[in-house]
Amino acid sequence: MSYDMFVQRFEQGAAAPMAGDAFLAVFEPRVDRREPQHNYWHVSADDGGRADVHAALAGGTLGSLMISRFSAGAVLDMLVTYLGLADAVVLPPGCPTLLAHEGQRHHLPEELRADAVVVQAGADVERVLQSC
């Protein structure tokens with residue numbers, strides 16, 4: 001899918017850093033190409049799915065992450081796993097914010113709270129994206 005989704009963590013309505021070890025635990029084992037000078041990681045999943053991930057890992061944290069040109073299936077399962085480990089959310093343009101758990105809602109900026117949806121698997125992400 002040629003679509004960019006941004007991943008961010010929030011604390012009390014403000015953007016907050018995400019743990020780099022969560023990113024490495026989920027995505028690094030599936031990286032088949034990396035261009036550090038561009039903060040680019042290409043990920044291949046067990047089901048043949050792929051994604052371009054743009055993430056600047058510095059000092060053990062990430063400020064944000066962007067996933068683009070991603071496949072449905074295992075790549076989105078990986079993304080949901082990352083959300084849980086990093087306590088992060090997905091901000092898909094034109095769609096509701098995707099939460100890893102309900103407790104994140106009160107940390108979102110006010111304008112993102114009402115429509116936010118909890119996702120527990122990649123299939124949940126796919127359903128939300130198809131409905132937007």
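Structure: see above.
Each chain carries its own residue numbering, running from 1 in the written order of its sequence. It should be noted that, the model being predicted, local features are given only for residues of pLDDT at least 70 and side-chain atom pairs only at 80 or more, the latter also being counted only at that level, while totals for whole chains, interfaces and linings use all residues. Only heavy atoms go into the side-chain values, all of them from the structure, while hydrogens and water stay out.

Quick look at the nonpolar core
Part 1: Membership of the largest hydrophobic core comes to 35 residues, with the highest contact counts inside it found for Met5, Val7, Phe23, Leu65, Ile67 and Tyr82.
Part 2: Residue assignment for this core shows that the elements contributing at least two residues are strand S1 (5-11), helix H1 (20-27), strand S5 (40-44), strand S6 (50-58), strand S7 (61-68), helix H2 (74-86) and helix H4 (122-131).
Part 3: A helix here means a DSSP run of H or I that spans at least four residues, while a strand means a run of E at least two residues long, and both kinds are numbered starting from the N terminus. For this core, the leading source of residues is H2, giving nine residues.
Part 4: The criterion used for residue contact is that any of the two residues' heavy atoms lie within 4.5 Å. Those residues in contact with Val7 that sit more than four places away from it in its chain are Met18, Ser64, Leu65, Leu79, Tyr82, Leu83, Ala88, Val89 and Val90.
Part 5: Core analysis: the second largest hydrophobic core is formed by five residues, Phe10, Val89, Leu108 and Ala116 among them. Residues grouped as a nonpolar core are buried Ala, Val, Leu, Ile, Met, Phe, Trp, Tyr and Cys residues, joined through side-chain atoms within 4.5 Å. Remark: exposure states derive from per-residue accessible area (1.4 Å probe, protein chains only) relative to the maximum for the residue type, with buried under 20%, exposed over 50%, and partly exposed in between.

Some words on the packing of H1 against H2
Part 1: A fitted line through C-alpha atoms serves as each axis, taken over the contacting stretch for helices, and the angle formed by two N-to-C directions is quoted from 0 to 180°. Taken N-terminus to C-terminus, the directions of H1 and H2 make an angle of 155°; their axes are 9 Å apart at the nearest point. Taken together, the axes of H1 and H2 are roughly antiparallel relative to one another. In this structure, the crossing between H1 and H2 has a hand that is right-handed. Contact residues: H1 offers Ala22, Phe23, Val26 and Phe27, while H2 offers Met78, Leu79, Thr81, Tyr82, Leu85 and Ala86. An angle below 35 degrees is read as roughly parallel, one above 145 as roughly antiparallel, one from 65 to 115 as roughly perpendicular, and any other as oblique. Each crossing gets its handedness from the near helix: less than a right angle anticlockwise from the far helix is left-handed, clockwise is right-handed.

With respect to the pairing of strand S4 (residues 31-35)
Part 1: Strand pairing is defined by DSSP finding a minimum of two bridges between the two strands. For S4 and S5, the ladder comprises four bridges, and the chain directions are antiparallel. Across the sheet, Arg34 pairs through a bridge with Trp41, a residue of S5.
Part 2: A loop of four residues connects S4 with S5, the two strands running antiparallel in sequence, and Asn39 in this loop sits at a positive phi of about 55°.

Some remarks on the packing of aromatic side chains
Part 1: Any pair of Phe, Tyr and Trp rings, taking the six-membered ring for Trp, is counted once the centres come within 6.5 Å. Such a pair is stacked with planes under 30 degrees apart, edge-to-face with planes over 60 apart, and tilted for the rest. Evaluation of the coordinates by the stated rule reveals five aromatic pairs.
Part 2: Measuring from ring centre to ring centre gives 6.3 Å for Phe23 and Tyr82, while their planes differ by 90°; the resulting arrangement is edge-to-face. Of this pair, Phe23 sits in helix H1 while Tyr82 is found in helix H2, placing the two residues 59 residues apart along the sequence. Across this residue pair, the class does not change: Phe23 and Tyr82 are buried.
Part 3: Cluster of aromatic residues (ring-pair linked, three or more members): Phe23, Phe27, Trp41 and Tyr82.
Part 4: Over the face of the ring belonging to Trp41 we find Arg34, whose NZ or CZ atom lies 4.0 Å from the ring centre. Whether a charge sits over a ring comes down to the Lys NZ or Arg CZ being within 6 Å of the ring centre and within 35 degrees of the ring normal.

Take it as geometry only, folks, not as evidence of what the structure does.
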